[in-house]
Amino acid sequence: MIKDRGQKSLALKYAVGKRWFPQLEVDVLPKLVTTASQKALTDVDVLASIPDEFEGYRTVVIDCKTSKKESPIARALWVRGLMDQIGATRGLCVLDKDSIESDHRYCAAQFGVVLLAQDEFPRYAEATGSRLDSWQSNCASIDLWERFVEIGRNYFVLAPTVEFITSQYWTCRSDSEACRKVVAETVRVRPEVDPAKPEHIALVFDLAALFAHSLSKIVAKVFASYLQPKNRDELSGALLTLLYGGRENYEHLNSLKGMIKGTASGESPLTLPEWDRFLQLVRHGLDAPTELPHVALLIREVGWSFLNKGEQLGFAAILAQEKRQAAKLALLIVEYVTKAAKLPPEFGATSTRLLLDLQQPPTQTALPLSS
């Protein structure tokens, strides 16, 4: 049972209404583990990624507390420490209070935390432009969040994947590490997923959504550094440098790969699976770098329709209409993830069927070429 359920439900609707990518109840893991077992330091009630055209995403944490004994400023100080631990830029703290002292609000605002009484949250959401259509969203339904977590309880072999999605991904040290780990986790879970089971489809789509999340940050870096690389080799070199921690580190890892496998000098270099397809995907992302950060929410929204006892895609259609390249990029991303992990082709066929229907026509019809 989710604690502080009412507040978290409001926070989810607020985040999705802002077109942010939400994650409920994220376990915060230590950056460096010194013991035999890894234990969570604390958790974030709602972690939301805000699309940003320069960085891919910025992060905000939303803290929800129903205990009336909580001191507002003490809670704000705790949220500030949490923000520093996970690299968030803003924090919201929703408390079950009739009122909050003005000095507490002012002090908290100086270090990036907004203090809100629970009754003030709806007014705050409306004033800050959270759209009211989020009630239609699968991602904004706290019941579906519970249903998603239950996948790990109902299918024991999938529990590590659910844990990866809800905690381990969010504590990766870089977006490059996160990108590689999503692919690795999808490959690992390949023997366990069945395209005939709706929960498994939702899980695969969610892995693809996380891949889109990390890819958005990588593409933002490539775009800022190279704009749109002129040829395949330039793009490939830029991506390998980003994905593996710099050229020197990449060359070192490449040499280790050869030593471990005992490969000959003609062996293919270290890359992600389906490298040419990945390059083409990044090329499409560079053509629409400001729309790519919106794709993760669309992929999750479509995937979670399989948790909603039927394909409820009304809100997904709204998202696709708002960002005209989003459905196309979503289709390419799910296609890459399923092919890179060599998942059963039915997963790809499902994504093609759903996402093709959501694609928006171009604003102008191209004129036919003259003969």
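How each quantity is defined
- Residues numbered from 1 in each chain as written.
- Predicted model: local features only at pLDDT ≥ 70, side-chain atom pairs only at ≥ 80, totals over all residues.
- Heavy atoms only, no water.
- Helix = DSSP H or I, 4+ residues; strand = E, 2+ residues; numbered from the N terminus.
- Rg over C-alpha atoms; globule rule 2.2 N^0.38 Å.
- Buried < 20%, exposed > 50% of the residue type's maximum accessible area, 1.4 Å probe, protein only.
- Areas by Shrake-Rupley, 256 points an atom, 1.4 Å probe, with all protein chains shown as cover.
- Lys, Arg positive; Asp, Glu negative; His and termini not counted.
- Charge placed at Lys NZ, Arg CZ, Asp CG, Glu CD.
- Phe/Tyr/Trp six-rings, centres within 6.5 Å; stacked < 30°, edge-to-face > 60°.
- Expected span 1.5 Å × (residues − 1).
- Polar contact = N/O pair within 3.5 Å; in protein donor to acceptor, adjacent residues only side chain to side chain.
- Salt bridge = Lys/Arg side-chain N within 4 Å of Asp/Glu carboxyl O.
- Contact = heavy atoms within 4.5 Å.
- Pairing = 2+ DSSP bridges.
- Axes fitted to C-alpha atoms, helices over the stretch in contact; angles between N-to-C directions.
- Core = buried A, V, L, I, M, F, W, Y, C linked by side-chain atoms within 4.5 Å.
- Parallel < 35°, antiparallel > 145°, perpendicular 65-115°, else oblique.
- Nonpolar A, V, L, I, M, F, W, Y, C, P; charged D, E, K, R; others polar.

Peer 1: I'd like to hear about the overall build of the protein chain, residue by residue, with values.
Peer 2: When helices and strands are counted, the protein chain shows 15 helices and five strands. Computed over the C-alpha atoms, the radius of gyration of the protein chain is 21 Å, within 12% of the 21 Å expected from 2.2 N^0.38 for a compact globule of 371 residues. Dimensions of the protein chain, computed from C-alpha atoms along their principal axes, come out at roughly 70 × 55 × 45 Å. Residues classed as buried in the protein chain amount to 50% of the 371 residues present. In the structure as shown, the protein chain presents an accessible area of about 18000 Å², 51% of it carried by carbon and sulfur atoms. Computing the positive centroid from 44 side-chain charges and the negative centroid from 45, the protein chain places the two 2 Å apart.

Peer 1: Mind laying out the packing of aromatic side chains, listing which residues take part and the relevant values?
Peer 2: Under the definition given, this model contains 14 aromatic pairs. Judged by centre distance (6.0 Å) and plane angle (45°), the rings of Tyr-14 and Tyr-124 are tilted. Of this pair, Tyr-14 sits in helix α1 (residues 5-17) while Tyr-124 sits in helix α4 (residues 121-127), placing them 110 residues apart in sequence. Of the residues examined, Tyr-124 reaches a relative accessible area of 22% and is grouped as partly exposed. Note on Phe-164 and Tyr-169: the rings are 6.2 Å apart at their centroids and 75° apart in plane angle, and the pair reads as edge-to-face.

Peer 1: Talk me through helix α9 (residues 232-243); I want residue IDs and the actual numbers.
Peer 2: Across its twelve residues, α9 extends 16 Å between first and last C-alpha, which sits within 8% of the 16 Å expected from 1.5 Å per residue. The N-terminus of α9 is capped by Asn-231, whose side-chain oxygen sits 3.2 Å from the backbone nitrogen of Asp-233.

Peer 1: Provide a residue-level description of the side chain of Glu-301, including the pertinent values.
Peer 2: Its place among the elements puts Glu-301 in helix α12 (residues 295-303). This buried residue, Glu-301, is left without a salt bridge; Arg-300 holds the nearest opposite charge, at 8.4 Å. Within polar-contact distance, the side chain of Glu-301 engages the backbone nitrogen of Cys-139 at 3.1 Å. When residues no more than four places from it in sequence are discounted, the contact partners of Glu-301 are Gln-136, Ser-137, Asn-138, Cys-139, Gln-312, Phe-315, Ala-316 and Leu-319.

Peer 1: Give a description of the pairing of strand β1 (residues 21-28) that names residues and reports values.
Peer 2: Burial analysis of β1 places six of its eight residues in the buried class, which makes it a mostly covered element. Summarising the sheet, β1 and strand β2 (residues 42-52) pair through seven bridges and their orientation is antiparallel. Its bridge partner being in β2, Asp-27 is matched across the sheet by Asp-43.

Peer 1: Can you explain the sheet that holds β2? Please cite residues and give values.
Peer 2: Strand order in this open sheet of five strands is β1-β2-β3-β4-β5, and the pairing throughout is mixed. What marks the edges here is a single partner per strand, and that holds for β1 and β5 (113-117). Averaged over all neighbouring strand pairs, the angle between strand axes comes to 25°, with direction disregarded. Running over the sheet, α12 touches β1 and β3 (56-65) and is turned about 85° from β1.

Peer 1: Hey, could you go over the nonpolar core for me, with residue numbers and the actual values?
Peer 2: One finds Phe-211, Phe-278, Ile-299 and Ile-333 to be the most contacted residues of the largest nonpolar core, which totals 121 residues. If you tally residues by element for this core, the top one is helix α8 (residues 198-226), at 15 residues. With residues up to four places along the chain from it excluded, the contact list for Phe-278 reads Phe-211, Leu-215, Leu-239, Leu-243, Leu-272 and Tyr-336.

Peer 1: Could you give me a rundown of the packing of α1 against helix α5 (residues 142-154), with the residues and numbers involved?
Peer 2: The relative placement of two packed helices comes down to the angle between their axes together with the axis-to-axis distance. The contact between α1 and α5 brings their axes to 9 Å, and the two run at 100°. If you check the angle between α1 and α5, you find them roughly perpendicular. Contact with α1, carried on its side by Arg-5, Lys-8, Ser-9 and Leu-12, involves Ile-142, Asp-143, Trp-145 and Glu-146 of α5 and no other residues of that element. Grouping the constituent residues of the contact of α1 with α5 by class yields three nonpolar, one polar and four charged.

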